[in-house]
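Per-entry structural report
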Amino acid sequence: MFLSSPTSASSNQLKTVTAKWAKDGFTIHENGKITLSMGIHNGKREKPIIVYASNLPQGTIKEIECCYDNGWYLAVTYEDGQKAKTYQPGHSAGVDLGEIHTMAVFGKMVKPS
């Protein structure tokens, strides 16, 4: 049932679904076409999933997730080429949007001098 259309699954059957393709599991074409490999089953290569996307991020795409949560969408992980900034005490925060818990945030309170 993973990639059935939203109209073929009742709201009680399909709540959220995520499938992930890493670097060798997908091909991105210049026209926005993305081919997602379905692998080999019983010695036979399965037909790939083909999707089209506009506004893909600039940089090296590392991973693609096909997700369903009240509608289908793609989540793309990519390397933008920017270096991470050096940690500066008193100027930090962390955010984890998570899939199970809505959001977790931490930071350090610094008293003004």
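Notes on the structure in this doc start here. (Residues numbered from 1 in each chain as written. Predicted model: local features only at pLDDT ≥ 70, side-chain atom pairs only at ≥ 80, totals over all residues. Heavy atoms only, no water.)

1. Overview of the environment of Y73
Where we set the bar: In this text, helices come from DSSP runs of H or I with a minimum length of four residues, and strands from runs of E with a minimum of two, each type numbered from the N-terminal end. Relative accessible area decides the class of each residue, using a 1.4 Å probe on protein chains only: under 20% of the type maximum gives buried, over 50% gives exposed, and in between gives partly exposed. Contacts are assigned to residue pairs with any non-hydrogen atoms lying within 4.5 Å of each other.
Position of Y73 relative to the elements: it lies in strand β8 (residues 72-79). Since its relative accessible area comes to 41%, Y73 is described here as partly exposed. Spatially, the C-alpha atoms of Y73 and T18 are 9.7 Å apart, while their sequence positions differ by 55 residues. Filtering out sequence-adjacent residues up to four positions away, Y73 remains in contact with E65, C66 and C67.

2. Topic: the sheet that holds β8
Where strands meet in a sheet, backbone hydrogen bonds hold them as pairs that are either parallel or antiparallel. Rules: Note: two strands are recorded as paired if DSSP finds a minimum of 2 bridges between them. Angles run from 0 to 180 degrees between N-to-C directions of axes, and those axes are lines fitted to C-alpha atoms, restricted for helices to the stretch in contact.
Across the sheet, three strands lie side by side as β1-β7-β8; this open sheet has antiparallel pairing. The open sheet has two free edges, formed respectively by β1 (16-21) and β8, since each of these has just one partner strand. Taking the axes of each pair of neighbouring strands and ignoring which way they run, one obtains an average angle of 20° across the sheet.

3. Considerations on the sheet that holds strand β3 (residues 33-36)
Ordered by their spatial adjacency, three strands build an open sheet running β2-β3-β6, and the pairing between neighbours is antiparallel. Both edges of this open sheet fall to β2 (26-28) and β6 (49-52), since each of them pairs with a single strand only. Put simply, the sheet's adjacent strands are angled 15° from each other on average, direction ignored. Pairing geometry for β2 and β3, over three bridges, is antiparallel. The residue of β3 that forms the bridge with I28 is I34.

4. Focus: the side chain of T35
In this fold, T35 is placed in strand β3. For T35, a relative accessible area of 18% gives the class buried. If we skip the residues at most four places from it in the chain, T35 touches G25, F26, T27, H29, P48, I49 and I50.

5. Regarding the pairing of β8
Examined bridge by bridge, strand β7 (residues 60-69) and β8 share eight bridges and lie antiparallel to one another. Note on β8: the bridge partner recorded for C66 is L74. Where β7 folds back onto β8 in an antiparallel hairpin, the turn is made up of two residues, including N70, whose phi is positive at roughly 60°.

6. Let's talk about the nonpolar core
Test applied: Working definition of a nonpolar core: buried Ala, Val, Leu, Ile, Met, Phe, Trp, Tyr and Cys residues. They are joined through side-chain atoms within 4.5 Å.
Counting residues in hydrophobic clusters, the biggest one holds 10 residues: A19, W21, F26, I34, L36, I49, V51, I61, I64 and C66. Among the elements of the structure, β1, β3, β6 and β7 are those that each provide at least two residues to this core. With near-sequence residues (within four places) excluded, I34 lies in contact with T27, I28, I49, I50, V51, A53, L56, I64 and L74.

7. Looking at a nonpolar patch on the surface
Definition in use: Distance thresholds for patches are 9 Å for like charges and 5 Å for nonpolar side chains (Val, Leu, Ile, Met, Phe, Trp, Tyr), applied to residues having over 30% relative accessible area and no salt bridge. For every accessible area listed, the method is Shrake-Rupley and the probe measures 1.4 Å; residues are considered covered only by the protein chains on display. Throughout this description, the term salt bridge denotes a Lys or Arg side-chain nitrogen within 4 Å of a carboxyl oxygen of Asp or Glu.
Together, V95, L97, M103 and V105 line one region of the surface with nonpolar side chains, adding up to about 420 Å² of accessible area. Its place among the elements puts V95 in strand β9 (residues 93-96).

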